[in-house]
Amino acid sequence: MKRLILFLSLASCSHPDTICGQYLDTSQSDWLTVADLQQAETEFIGAALLVAGDTRLSAPHNACKWLQNLRVLPMATPTFRDQWGRQVAGIAIPAKDWSLTQHSPGGFVQIGLAPSWKSSALVHEFIHIVQGGIPPPPCASTDDSHCGWHRPGGEYALVDAISR
Ligand SMILES: [Zn+2]
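Counting restarts for each chain: residues are numbered from 1 in the order of the written sequence. Reporting in this predicted model follows two pLDDT cut-offs: at least 70 for local features of residues, and 80 or more for side-chain atom pairs to be given and counted; totals over whole chains, interfaces and linings ignore these cut-offs and use all residues.

(A) Seen up close, the pairing of strand β5 (residues 90–94). Within β5, 4 of the 5 residues are buried, leaving the element largely enclosed by the surrounding structure. Note: β5 against strand β6 (residues 107–111), 5 bridges, orientation antiparallel. Looking at β6, one finds that G90 is bridged to I111. Burial is judged by counting the other C-beta atoms within 10 Å of a residue's own C-beta: 20 or more makes it buried, 12 or fewer makes it exposed, and any count in between marks it as partly exposed, with every C-beta position built from the backbone. Put simply, DSSP marks the helices as runs of H or I at least four residues long and the strands as runs of E at least two long, and each gets a number from the N terminus on. Between any two strands, at least two bridges found by DSSP are needed for them to pair.

(B) Molecular detail of unusual backbone geometry. For the peptide bond that leads from P137 to P138, omega is 10°, which places it in the cis range. Positionally, P138 belongs in the loop between α5 (122–131) and α6 (155–163). The backbone of N69 sits at a positive phi, close to 70°, despite the residue not being glycine. Within the fold, N69 resides in the loop between α4 (62–66) and β2 (70–74). Assessed through the 17 C-beta atoms surrounding it within 10 Å, N69 is described here as partly exposed.

(C) Highlighting the sheet that holds strand β1 (residues 23–24). Overall, mixed pairing links the 4 strands, which are arranged β1-β2-β6-β5 in an open sheet. Looking at strand neighbours, the two that pair on one side only are β1 and β5, the edges of this open sheet. As paired elements, β2 and β6 share 5 bridges and run parallel to each other. Looking across to β6, one finds that V72 is bridged to V109. Set on the sheet, α5 makes contact with β2, β5 and β6; between it and β5 the angle comes to about 20°. Here the contact rule is simple: place C-beta atoms from the backbone, and any two residues whose C-beta atoms are within 7 Å are in contact. Angular values range over 0 to 180 degrees, each being the angle between N-to-C directions of two axes fitted as lines to C-alpha atoms, with helices fitted over their stretch in contact.

(D) Here's a closer look at the environment of A89. Residue position: A89 is located in the loop between β4 (87–88) and β5. C-beta crowding within 10 Å serves as the criterion here: with 18 such atoms nearby, A89 is assigned to the partly exposed category. Note: C-alpha distance between A89 and L122 (33 residues apart in sequence) is 9.6 Å. Those residues in contact with A89 that lie beyond four places of it in its chain are P78, T79, G112 and A121.

(E) Spatial organisation of the packing of α5 against α6. At their nearest, the axes of α5 and α6 sit 9 Å apart, and the two run at 145° to each other. Considering only the axes of α5 and α6, their crossing is right-handed. On α6, the residues that touch V123, H124 and I127 of α5 are E155, L158, V159 and I162. With the far helix as reference, a near helix turned anticlockwise by less than a right angle produces a left-handed crossing, and one turned clockwise produces a right-handed crossing.

(F) Structural view of α5. Among the 10 residues that make up α5, 10 are buried, leaving the element largely enclosed by the rest of the structure. Two residues or fewer past α5, G132 is found with a positive phi of approximately 60°.

(G) Structural view of the nonpolar core. Formed by 32 residues in total, the largest nonpolar core has its most connected members in A63, F126 and I129. Elements with a minimum of two residues in this core: β1, α2 (34–48), α4, β2, β5, β6, α5 and α6. Broken down by element, the residue count for this core peaks at 6 residues, all from α5. For I129, the residues in contact, after removing those within four places along its chain, are W66, L67, L70, A92, P94, G107 and V109. Core membership is restricted to buried Ala, Val, Leu, Ile, Met, Phe, Trp, Tyr and Cys residues, and these are joined into a nonpolar core through C-beta atoms within 7 Å.

Purely geometric numbers; function is a separate question.
This is how it looks when you write it as structure tokens:
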């Protein structure tokens, strides 16, 4: 029986839910579907190509690879308490071995309940995952992770274009 359980868990790990390789975790809530996640990914990858000032997002085939192995966990309430005790609508945690010198794809995104993925924090958190939480130059790596996002054609413009 133990062997069977191990096999099943390996099987579920080896098959991502999206083209870029994301995994949807419906253990808390199922308001976000695999179809939703795929649509969000496709629209995000397309819109990221148009972002001005951060080639991590706009270089062809770049954003997709950072979403590989990303685990997306939709929550049952609009806001939730994160691991630092803050009440938030979404959070992105880059892969555990990510650093400024050793970039690794994947990580973990938690998003609060929303009427649809478009009005959720999902795309906002995708951006944090691609940037590893480090804002684009000329911001310093020690700045707020949203530094510069308001520039024309920047990250907030991407979120607005998709949310419409
Ligand atoms: Zn943010």
